[in-house]
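# Structural overview
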Amino acid sequence: MTVAIRRRAIDWGPPLLVFALGILSWQLLVVAFNVQEFLLPKPTEIARTLWDERSSLWHAGIYTFKEALGGFAIGSSLAIAVSLVFAAFRPFGTAFMPFAVAANAVPIIAFAPIMNNWFGLLNPFSKMAIAAVLCFFPVLINMLRGLTSVDPRAIELMRSYAAGQTSTFRRVRIPASLPHLFAGLKIASVLSMIGAIVGEYFGGPITALGVTILNASAYTNFSLAWAGIVVASAFGILFYSAVAFAERLTTSWDPSRRAFHGE
Amino acid sequence: MNDRPAVSIQGVSKHFKAGVTALSGIDLDVRPQELISLIGPSGCGKSTLLRIIGDLIDPSEGVVEVNGKPASQARRDHDYGIVFQEAVLYDWRTVSKNIALPLELLRWSREKRTQRVNEMLRLVELEGFEDRRPWELSGGMQQRVAIARALSFDPSLLLMDEPFGALDEMTRERLNMELLRIWEASGSTIVFVTHSIAEAVFLSTRVVVMSPRPGQIADLVDVDLPYPRTAETREEPRFFELVTGVRERLAGRGAQVEPELLEDAT
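Residues numbered from 1 in each chain as written. Chains lettered and ligands numbered in written order. Predicted model: local features only at pLDDT ≥ 70, side-chain atom pairs only at ≥ 80, totals over all residues.

Assigned secondary structure in chain A consists of 11 helices and 0 strands. Going from N to C terminus, chain A has its helices and strands arranged as α-α-α-α-α-α-α-α-α-α-α. Counting every position in chain A, which comprises 263 residues, the buried fraction comes to 36%. Sequence-distant contacts, at least 24 apart, represent 76% of the contacts inside chain A between residues at least 6 apart. (Helix = DSSP H or I, 4+ residues; strand = E, 2+ residues; numbered from the N terminus. Buried ≥ 20, exposed ≤ 12 C-beta atoms within 10 Å, placed from the backbone. Contact = placed C-beta atoms within 7 Å.)

Counting 84 residues, the largest nonpolar core has Val191, Val201 and Val246 of chain B as its most contacted members. Among the elements that line this core, the one with the most residues is helix H5 (residues 139-151) of chain B, at 7 residues. Of all hydrophobic cores here, the second largest spans 52 residues; its members include Val133, Leu147, Val211 and Leu224 of chain A. (Core = buried A, V, L, I, M, F, W, Y, C linked by C-beta atoms within 7 Å.)

Moving on, we come to the packing of helix H8 (residues 165-201) of chain A against helix H10 (residues 222-250) of chain A. Residue and element names in this part refer to chain A. Packing of H8 against H10 leaves a shortest axis separation of 10 Å and a crossing angle of 165 degrees. Overall, the two elements H8 and H10 adopt an arrangement that is roughly antiparallel. For the pair H8 and H10, the sense of crossing is right-handed. Along the contact surface, H8 presents Leu178, Phe182, Leu185, Lys186, Ser189, Val190, Met193 and Ile197, while H10 presents Ala232, Phe235, Gly236, Phe239, Tyr240, Val243, Ala244, Glu247 and Thr250. In terms of residue class, the contact of H8 with H10 is made up of 12 nonpolar, 3 polar and 2 charged. (Axes fitted to C-alpha atoms, helices over the stretch in contact; angles between N-to-C directions. Parallel < 35°, antiparallel > 145°, perpendicular 65-115°, else oblique. Left-handed = near helix turned anticlockwise from the far one by under 90°. Nonpolar A, V, L, I, M, F, W, Y, C, P; charged D, E, K, R; others polar.)

Attention shifts here to the interface of chain A and chain B. Each partner contributes residues to the interface: chain A has 17 residues there, and chain B has 17 residues. The element contributing the most residues to the side of chain A that touches chain B is helix H7 (residues 152-160) of chain A, with 6 residues. Across the side of chain A that touches chain B, the residue classes break down as 9 nonpolar, 2 polar and 6 charged.

Here chain A shows a mean pLDDT of 89. Residues at 70 or above account for 97%. Taken element by element, the predicted model of chain A shows its lowest mean pLDDT in helix H11 (residues 255-261) of chain A (61) and its highest in helix H3 (residues 54-88) of chain A (95). (pLDDT = per-residue confidence, 0-100.)

All right, on to the domain arrangement of chain B then. Residues and elements named next belong to chain B. Here chain B is described as being made up of domain 1 (7-79 + 156-264) and domain 2 (89-154). A C-alpha centroid distance of 25 Å is found between domain 1 and domain 2. Among the elements that take part in the side of domain 1 that touches domain 2, helix H6 (residues 169-186) stands out by supplying 5 residues, more than any other. Among the residues making up the side of domain 1 that touches domain 2, the classes are represented as 8 nonpolar, 3 polar and no charged. (Domains from an automatic or database assignment.)

In this structure, the amide linkage connecting arginine 213 of chain B to the following residue, proline 214 of chain B, adopts the cis form with an omega of -10 degrees. By the element assignment, proline 214 of chain B lies in the loop between strand E9 (206-211) and strand E10 (216-222). That bond from tyrosine 227 of chain B to proline 228 of chain B is cis: its omega, -5 degrees, falls within 30 degrees of zero. Mapped onto the elements of the fold, proline 228 of chain B is located in the loop between E10 and helix H8 (237-252). One non-glycine residue, threonine 220 of chain A, adopts positive backbone phi at about 55 degrees. Within the secondary structure, threonine 220 of chain A sits in the loop between helix H9 (209-218) and H10. Although it is not a glycine, asparagine 67 of chain B adopts a positive phi angle of roughly 55 degrees. Structurally, the position occupied by asparagine 67 of chain B is in the loop between strand E4 (61-66) and strand E5 (69-70).

Residues and elements named next belong to chain B. Burial analysis of E9 places 5 of its 6 residues in the buried class, the great majority of the element. Taken together, the 4 bridges between strand E3 (residues 35-39) and E9 define a ladder with parallel strand orientation. In the sheet register, serine 37 faces E9, and the bridge partner there is valine 207. The hairpin formed by E9 and E10 contains 4 residues between the paired strands, and arginine 213 there has a positive phi angle of roughly 50 degrees. (Pairing = 2+ DSSP bridges.)

Turning our attention to the domain arrangement of chain A. Residue and element names in this part refer to chain A. Parsing chain A into structural domains produces domain 1 (1-35) and domain 2 (40-261). Put simply, the middle of domain 1 and the middle of domain 2, counted by C-alpha atoms, are 29 Å apart. The interface of domain 1 with domain 2 comprises 6 residues on the first partner and 4 residues on the second.

What follows is the structure, encoded as C-alpha cells:
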C-alpha cells in the first residue's frame, strides 16, 4: 500500500513541480516586467476572477461541455458504425476511404459559421454538429485501421473453425481494434471541445463559454477571458482523462500498452 | 473404414498471380493416425500445401479430400486444428478463454467448455496458468496453449506449420516429445511442416521431402523407428542413418538446400 503511494508520488511529483514552477515564474515575470493586463494577467488575478465568477463560469463550462459531449457522441458513434460497414464490405471501404482521409486533412472548423447558419446560432445542435464532424474522421480512420490490421493468421484460425463474418468481427476484429479506437476517441475528445468553443466564437447564447471568452476580450475584461480559457482547459483535460480511463478499463490486456507504461 | 486415407491429395498445383508456380502435380495420401512431415527448403511450397489441405487457400488444379470429403466440407465440419509458427493467441483472452474459443463457436455449454479446457490444460501441462494473459507466458508455453486450442474440439486432423520453428533448441526438443505424447493420446492425424531434418525424422511416421521451383515431392521416406520415441531415439544409429538419408534426398535433387537446413540435423 505504502509502496503504491510512494510510486504514485514518484510518478506525479515531477510534473506537479513543473506545473507549480511554471505558474510561479509566470507570476514573477509579469510583476518584474510590469506586463500590462491586456497582454497577460497575473495568475493570481485569473484565480481571483475564477473564484468571483465561479457560478457563471461553471454554468458556461457545463453548457459548452454538453455541446462537445453531444458532438463527440454523435460523431464517434457514426464513425464506429461506418468503420464497421467499411471493414465488412471492403469495396465500400476502398471506394470511400480516400475521401475520408482527404476530409481528415480539411480544416473542418472552417465550416463552423455554415453549421451556425444551418442549425441556428442559438441552437446547441449547431455546435454539436461541428464537434461531431471534427470527431468523425479521426475515429473512423483509427477504428478502420484497427479492424483491418488484424494478424491475418488470426483470421485464418477463425476460418478454420468455420466461424462466420459476424463471429469473426465479434470475437477477433472488434476486440483487436479497441486500442486503435481509443487512440481515435482521445483525439476526438480534444477536438470536440475545440469544435464547440470555436463554434461559439461565431455566435451563440451568452451563457456559452466561447461567447463568454469572446465578450470578455471585446470588453477588455482580460482576466475573465483567461478564466474562461482555464475553465475550457479543465473541461478538455477532464474529458480526455475520462476517455483515457475508459481505455484503461477496456484494454488492460493490451501488451503494447503495458510495455509502454512499464507495468 | 480405416482404409480410407485421412488426407488424399490428387494432382494439386498452385500458381500465384505473379506467374510463380508454388506447387506442381502433388499426389499424396496421408493414412489415418499418421504423423507425416513435409520438409524442404524455403520456397518449396510446403506451407502452401498445408494451407491447401486446410482449405485456407484453393488449389489452382487438383483436389484435396479429407476423411472422404472435399476440404471445404471438412473445414465446415471442424475437422481441422491448425497451429502456426507463432502461437497467434488472442491477447484480450486469458489462456483458458483462448483454448475455449473454438468451443464457443461450436456452442458448447459453459460446463462442457470448462471441463474440456481443464482437460486440455492438463494435457499440455499448463495447469495453474488458466487465468494468465498469453503474453505473460514464454514462447514455448504460448505454443502449448495454441496446441491445446487446436486440439480442444477433437479435430481429426492437426495441421502444424513449423510450430516449433521460433523456439530454442532445448524447448523444441521437449515440445517434440510432448507432441508425440499428445498425438498418441489423442489419436489424431498430424501433418507437420518443418525446416528441421532431425525434427522431421524424430516425430514422423513418414517424411515427405519436397524440392522447390516448382514445389514438388522429391521423395517419401518411411521412418521405421519404433514408438514411443524417447531422448535415446536421437542417439540411435538408425536415427542418424535416416537423418542422413533425408539430407541426401534434400540435396540430391540439385535443390538449393540452405546451410541451416543441414546444420539443423547435427
